[in-house]
Amino acid sequence: MLYTDRSDYSDDMSRVKPIYDAIDAIIVDARLDHNNLDRAAYARHLAIADAIITHRVPVDEPAVAAAPKLRIAVRGGVGYENLDLTALTERGIPGCNVPDYGSEEVAVHALSQLLALRRQLLFYDSSLRTGRWQDWEQARTIHRLSLQTAGIVGFGRIGREFAARARAFFGEVIACDPYIAPEEITARGVRPVSIDELLASADAVTLHVPLSPETTHLIGEPQLRRMKRNAVLVNTSRGPVVDQLALAQALEHEWIEGAACDVWEREPPDPAHPLLRCPNFVASPHVAYYSEEGDRDLRRLAAEEVARVLRGEPPRCRLN
């Protein structure tokens, strides 16, 4: 059993050790750096691996070719863009993810960033820390949330979790997702719309889509210009879903009022990234998924998926 990166998957083995003990698994914790991947070291580990759990290290065609014994590859998380499903399928190897471990956490994080923007918390915090008590009068105009519309792009598990919470704050919640039946969206008290209508009418837009060729730069300059000038945008999905240079331009020129990102086109971002200079921008370092409970669920569910396949059973969350 090979852990490629994210050592915290294997640092606390107490909850998953019984799962691996039951199948006599030997744990190899490679702790590889996905930004500076040592391919030779990776290949040595792959040569003996029956199973892989990876976070950001790619299980690509060269990796699959270097793993003659491989029986399953699990992405320890929801997104799976670093799994080469074509290469895995050609070998008959299941590629799996863990789609249901942190939906609540990501939804709450997105809502928290959105509320910080709508209530001007960054401005107030900065002003007070520098002794400017009355500067609150210089903040952007704040409007009642119950008179505003929240727009959700992507209505999967996280989008639905967000909707359930947003309905308590916003006057209306709308959503677009071409892969979800409109009646399924309506059944959750949310109005289904096209993405064009959503961008034009929402006061707050939150993104909850997977990364794919279809969603890469789903939000770029044309989409940002289509949004309301007093709107805010929150991205907790994947960095490349938003053209972040265009987003920095949108904030600088006030095409929109504010934005927040938990995810970045390159992680970690350059400290000189123009978004980090924008006062109307809320940043976090790809931590929306995190809680102690969610992290334990992730390790357990990934280990259980491996154990199922190595016992000869079908996986729970096969992608290919």
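The structure reproduced in this document is the subject of the present report. From a predicted model like this one, the values you see are computed outputs, not experimental measurements.

**Quick word on the sheet that holds strand S12 (residues 281-283)**
- With respect to topology, seven strands assemble into an open sheet ordered S8-S7-S6-S9-S10-S11-S12, the strand pairing being parallel. Since the sheet does not close on itself, it has two edges, and those belong to strand S8 (191-192) and S12, each with one partner.

**A few points about the side chain of Arg 75**
- With respect to the element layout, Arg 75 can be found in strand S4 (residues 72-75).
- Polar side-chain contacts of Arg 75 include one of 2.6 Å to the backbone oxygen of His 55.

**Let's talk about the sheet that holds strand S1 (residues 2-3)**
- Across the sheet, which stays open at both edges, the five strands sit in the order S2-S1-S3-S4-S5 with parallel pairing between neighbours. Strands at the two margins of the open sheet, each flanked by one partner only, are strand S2 (28-29) and strand S5 (95-96).
- Here S1 pairs with strand S3 (residues 51-54) via two bridges, running parallel. What sits directly across from Tyr 3, in S3, is Ile 53.

**A word on the packing of aromatic side chains**
- Following the criterion strictly, the structure yields three aromatic pairs and no others.
- Residues Tyr 3 and Tyr 20 carry aromatic rings whose centres are separated by 6.4 Å and whose planes lie at 90° to one another, so their mutual orientation is edge-to-face. Residue Tyr 3 is found in strand S1, and its partner Tyr 20 is found in helix H2 (residues 17-21); the two are separated by 17 residues along the sequence.
- On the basis of an interplanar angle of 70° and a centroid distance of 6.2 Å, the ring pair of Phe 123 and Tyr 124 is categorised as edge-to-face.
- Here the basic side chain of Arg 225 rests over the ring of Trp 255, its NZ or CZ set 3.9 Å away from the ring centre.

Conventions used here
Residues numbered from 1 in each chain as written. Predicted model: local features only at pLDDT ≥ 70, side-chain atom pairs only at ≥ 80, totals over all residues. Heavy atoms only, no water. Pairing = 2+ DSSP bridges. Helix = DSSP H or I, 4+ residues; strand = E, 2+ residues; numbered from the N terminus. Polar contact = N/O pair within 3.5 Å; in protein donor to acceptor, adjacent residues only side chain to side chain. Phe/Tyr/Trp six-rings, centres within 6.5 Å; stacked < 30°, edge-to-face > 60°. Lys NZ or Arg CZ within 6 Å of the ring centre and 35° of its normal.

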